[in-house]
Amino acid sequence: MNSEFAVRSMRPGELELVLEWARQEGWNPGLDDSLAFLEADSSGFFVGAIGEVPVGSISVVKYGDSFAFLGLYIVHPDFRGKGYGKAIWEVGIASALDRTIGLDGVAAQQGNYRKAGFEPAYSTIRYGGVATSLPVSTLAAQAVLDSRLEGLQRYDSAIFPQPRDAFLAAWCTGRKGRRSAVVRKSHKIRGYGTIRRCYEGYKIGPLFANDADSAAALLAELIPEAKGAAIFIDIPADNHEAVALAEGLGLQPVFETTRMYRGPAPAIPLKHVFGVTTLELG
């Protein structure tokens with residue numbers, strides 16, 4: 001390992017560099033993910049650098065005092081096999097202190113994650129393609145208003161392991177290539193979702209809903225934002241209603257990961273998770 005190598009917090013502009021590495025790895029991040037990612041936990045992003053040159057990265061974003069999520073674990077191909085990844089990993093893991101840590105692992109790496117204390121919880125399947133139709137619902141969704149995020153944040157905290165208000169305020173804010181929608185019945189939120197432009201097509205996530213009818217209303221509101229481009233949704237395989245909705249849109253399985261936890265697994269109501277927020281931040 002190079003004697004000038006060190007692991008440190010990311011500096012301005014380095015998260016954008018790492019997201020470009022993620023694009024080159026085929027992870028297809030959103031075009032403007034960095035703003036919301038940093039709002040989640042600006043102290044949770046690290047690079048390993050030789051002098052001033054970043055060669056690898058990891059994010060361990062902390063949500064409250066009991067949960068963190070690991071992602072963006074990348075070593076640039078030119079610097080693999082030299083021990084940098086292990087050093088970056090150790091700093092990232094240590095930053096979570098005694099929190100439970102979650103991650104979404106591809107099959108090839110799950111053995112390594114298990115050696116590091118992570119245990120599988122459930123599978124997530126990415127469905128993708130061009131939607132051949134819009135789902136039918138008895139409900140109607142509306143665009144999320146920036147001035148009415150408080151109720152949405154409360155709804156999210158009943159599904160995600162910890163509150164993430166600052167992240168959602170940035171994630172759901174209307175910007176070009178991004179749209180969020182909420183569905184209500186009798187003035188109560190029954191679900192919400194976001195679609196965002198990615199390097200390839202659009203991703204929908206989160207897609208949280210009380211039931212399939214509410215999720216269908218959200219999809220009918222969000223999918224037109226893609227304007228005929230491919231859409232992708234990361235769906236817990238155990239949510240059979242979500243899988244049926246995706247298949248009804250004409251989407252096909254294109255990628256699979258396994259959610260794994262180091263420490264006590266949080267109680268997530270998967271029946272309400274019709275689409276994961278992101279594989280990088282949980």
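No experiment lies behind these values; they were computed from the predicted model shown.

Definitions and limits used
- Residues numbered from 1 in each chain as written.
- Predicted model: local features only at pLDDT ≥ 70, side-chain atom pairs only at ≥ 80, totals over all residues.
- Heavy atoms only, no water.
- Buried < 20%, exposed > 50% of the residue type's maximum accessible area, 1.4 Å probe, protein only.
- Helix = DSSP H or I, 4+ residues; strand = E, 2+ residues; numbered from the N terminus.
- Arc of directions from axis to C-beta.
- Phe/Tyr/Trp six-rings, centres within 6.5 Å; stacked < 30°, edge-to-face > 60°.
- Lys NZ or Arg CZ within 6 Å of the ring centre and 35° of its normal.
- Contact = heavy atoms within 4.5 Å.
- Polar contact = N/O pair within 3.5 Å; in protein donor to acceptor, adjacent residues only side chain to side chain.
- UniProt positions renumbered as here; feature names shortened; annotations may be inferred.
- Salt bridge = Lys/Arg side-chain N within 4 Å of Asp/Glu carboxyl O.

## Some thoughts on helix α2 (residues 33-40)
So, step 1. Where α2 is concerned, the buried positions are Asp33, Ser34, Ala36, Phe37 and Ala40. For α2, the angular spread of buried residues about the axis comes to 165°, placing them on one side.

## Quick notes on the packing of aromatic side chains
So, step 1. One pass over the structure, following the stated rule, counts 13 aromatic pairs.
So, step 2. Ring centres 6.4 Å apart and planes at 55° place the aromatic pair phenylalanine 67 and tyrosine 261 in the tilted group. Of this pair, phenylalanine 67 sits in strand β4 (residues 67-75) while tyrosine 261 sits in strand β12 (residues 252-262), and the two are 194 residues apart along the sequence. One exposure class covers both phenylalanine 67 and tyrosine 261, and it is buried.
So, step 3. Each residue in the set Tyr63, Phe67, Phe160 and Tyr261 is aromatic and connected to the rest through ring pairs, giving one cluster.
So, step 4. In this structure, arginine 164 is placed above the aromatic ring of phenylalanine 160, and the distance from its NZ or CZ to the ring centre is 3.8 Å.
So, step 5. One cation-aromatic arrangement involves arginine 178 over tryptophan 171; the distance from NZ or CZ to the ring centre is 4.6 Å.

## Notes on the side chain of threonine 258
So, step 1. Turning to its location among the elements, threonine 258 is positioned in strand β12.
So, step 2. Taking the relative accessible area as the measure of exposure, threonine 258 reaches 9% and is therefore buried.
So, step 3. If sequence neighbours within four positions are ignored, threonine 258 has contacts with Leu103, Asp104, Gly105, Gln110, Pro120, Ala121, Tyr122 and Ser123.

## Looking at the environment of aspartate 33
So, step 1. Tracing the backbone shows aspartate 33 in helix α2.
So, step 2. In this structure aspartate 33 comes out as buried when scored by relative accessible area, which is 0%.
So, step 3. Considering only alpha carbons, one finds aspartate 33 and aspartate 234, 201 residues apart in sequence, at a separation of 16 Å.
So, step 4. Not counting residues up to four positions away in its chain, the partners in contact with aspartate 33 are Leu19, Trp171, Arg178 and Arg196.
So, step 5. Of note is the side chain of aspartate 33, whose polar atom sits 2.8 Å from the side chain of arginine 196.

## So, the UniProt feature "domain: N-acetyltransferase" (unreviewed entry) in the protein
So, step 1. Those residues carrying the UniProt feature "domain: N-acetyltransferase" (unreviewed entry) are residues 5-137 in this numbering.
So, step 2. Secondary structure across residues 5-137 comprises 28% helix and 36% strand; the distance between its end C-alpha atoms is 55 Å.

## A word on the pattern of salt bridges
So, step 1. With the rule as written, the count across this model stands at 16 salt bridges.
So, step 2. The salt bridge involving glutamate 119 is made with arginine 114; its shortest N-O contact spans 3.0 Å.
So, step 3. On the accessibility criterion, glutamate 119 (42% relative accessible area) is partly exposed.
So, step 4. Relative accessible area serves as the criterion here: at 45%, arginine 114 is assigned to the partly exposed category.
So, step 5. Counted as one network, the salt bridges with shared partners bring together Asp32, Asp33, Arg178 and Arg196.

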